[in-house]
Amino acid sequence: MAIGPNGGGKALPTGKDKASNAPSPTPTESVASACKQVTFDGAKLTDCIADPAKNRIALVLGPRDGAPYRGFAQLAAKRSTDAPPVLFAMNAGMFDGEGKPIGYYVQGGDRLKELNRNDGPGNFHMQPNGVFYGGKGDWHIRTSNDFYHSVADRPDFGTQSGPMLLIRGKLHPEITEDGPSRTVRNGVGIDPQGRAHFVISDEAISFGKLARYYRDVVKAQEALYLDGGVSALWDPATGRMDSRGPLGPIVVVSEK
């Protein structure tokens, strides 16, 4: 959920920022973790990598014609037994009070929300914002205006969020190297090999630090902020299932 512009927003208390306070389901030993813990500029992050040659990306909101799941536990409970095992899942865009996306959203080829090009308050409207989208093995991030003018065919999945963290390899013009706002944050960026890096901080950090990780380590040209405060990861291989607050759209990565 949008929590305020750059420099705004309120960091959660330290105890709630730690994933150790989240539910801890039994690890799925048969599934290797796609996530690795890293340290960047003194901060602890978890970088989960989806490879288009091996993995499938899907967006999930809730059961068909039902209310949003609002969390990983609900998703896990309702997931079909014949569905491929979840490699990892993460919150995937900003949402309203009911958990519904406030920007462009495509799930399984069905567009549930049109592109939002309106001005407004909060992180989502810190222009330019952007869209993470794609299909089978072909994933992209574009600014919302670029998406509007360049993408004619509906993708298999798409989620709009904001702000952009990186644009053509440079930090968003309103994001400083390490601003004063601190909270748990997550985003997505595409590396030079076409892999999607879903990165979540394991402590409260600034926009700039997350953006610089994508620029300096992932070597992404474009990266998109997904959310802060409620940012959460489900990694079945390690038994990690964060629960900081109700979620909206969820990205699910599985084996092909």
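Residues numbered from 1 in each chain as written. Predicted model: local features only at pLDDT ≥ 70, side-chain atom pairs only at ≥ 80, totals over all residues. Heavy atoms only, no water.

Per an unreviewed UniProt entry, the protein chain goes by the name Phosphodiester glycosidase family protein and belongs to Tsuneonella flava.

## Some words on the sheet that holds strand 15 (residues 233-235)
As a reminder of what qualifies: Strands qualify as paired when DSSP identifies two bridges or more between them. A run of H or I in DSSP becomes a helix once it reaches four residues, and a run of E becomes a strand once it reaches two; helices and strands are each numbered from the N terminus.
The 5 strands lie next to each other as 3-17-4-15-16, forming an open sheet whose pairing is antiparallel. The open sheet has two free edges, formed respectively by strand 3 (55-60) and strand 16 (240-241), since each of these has just one partner strand. Relative to strand 17 (residues 250-255), strand 3 runs antiparallel, the two sharing 6 bridges. Bridge pairing in strand 17 places leucine 59 opposite valine 251.

## A short note on the sheet that holds strand 14 (residues 223-228)
The strand order across the open sheet formed by 7 strands is 1-2-13-12-14-10-11, and the pairing between neighbours is antiparallel. Edge positions in the open sheet fall to strand 1 (35-40) and strand 11 (170-171), since each of these has one partner strand only.

## Focus on the state of the cysteines
As a reminder of what qualifies: Two cysteine sulfur atoms form a disulfide, by the criterion used here, when they sit within 2.5 Å. Accessibility here uses a 1.4 Å probe with only protein chains present; expressed as a share of the type maximum, an area under 20% marks a residue as buried, one over 50% as exposed, and anything in between as partly exposed.
Summed over all chains, the structure comprises 1 disulfide. Between the sulfur of cysteine 35 and that of cysteine 48 lies a disulfide, 2.1 Å long from S to S. Disulfide cysteine 35-cysteine 48: torsion about the S-S bond near 110°, hence right-handed. With cysteine 35 in strand 1 and cysteine 48 in strand 2 (residues 43-50), this pair connects stretches of sequence that are 13 residues apart. Across the pair, cysteine 48 and cysteine 35 agree in class, each one buried.

## Focus on unusual backbone geometry
The omega angle of the peptide bond from glutamine 127 to proline 128 is 0°, so this bond is cis rather than trans. In this fold, proline 128 is placed in the loop between strand 6 (110-113) and strand 7 (130-135). Put simply, glycine 162 and proline 163 share a cis peptide bond, and its omega is 5°. With respect to the helices, strands and loops of the structure, proline 163 is situated in the loop between strand 9 (157-161) and strand 10 (164-167). If you check the backbone angles, arginine 70 has positive phi at about 75° while not being a glycine. Checked against the element boundaries, arginine 70 lands in the loop between strand 3 and helix 2 (72-78). Taking the relative accessible area as the measure of exposure, arginine 70 reaches 21% and is therefore partly exposed.

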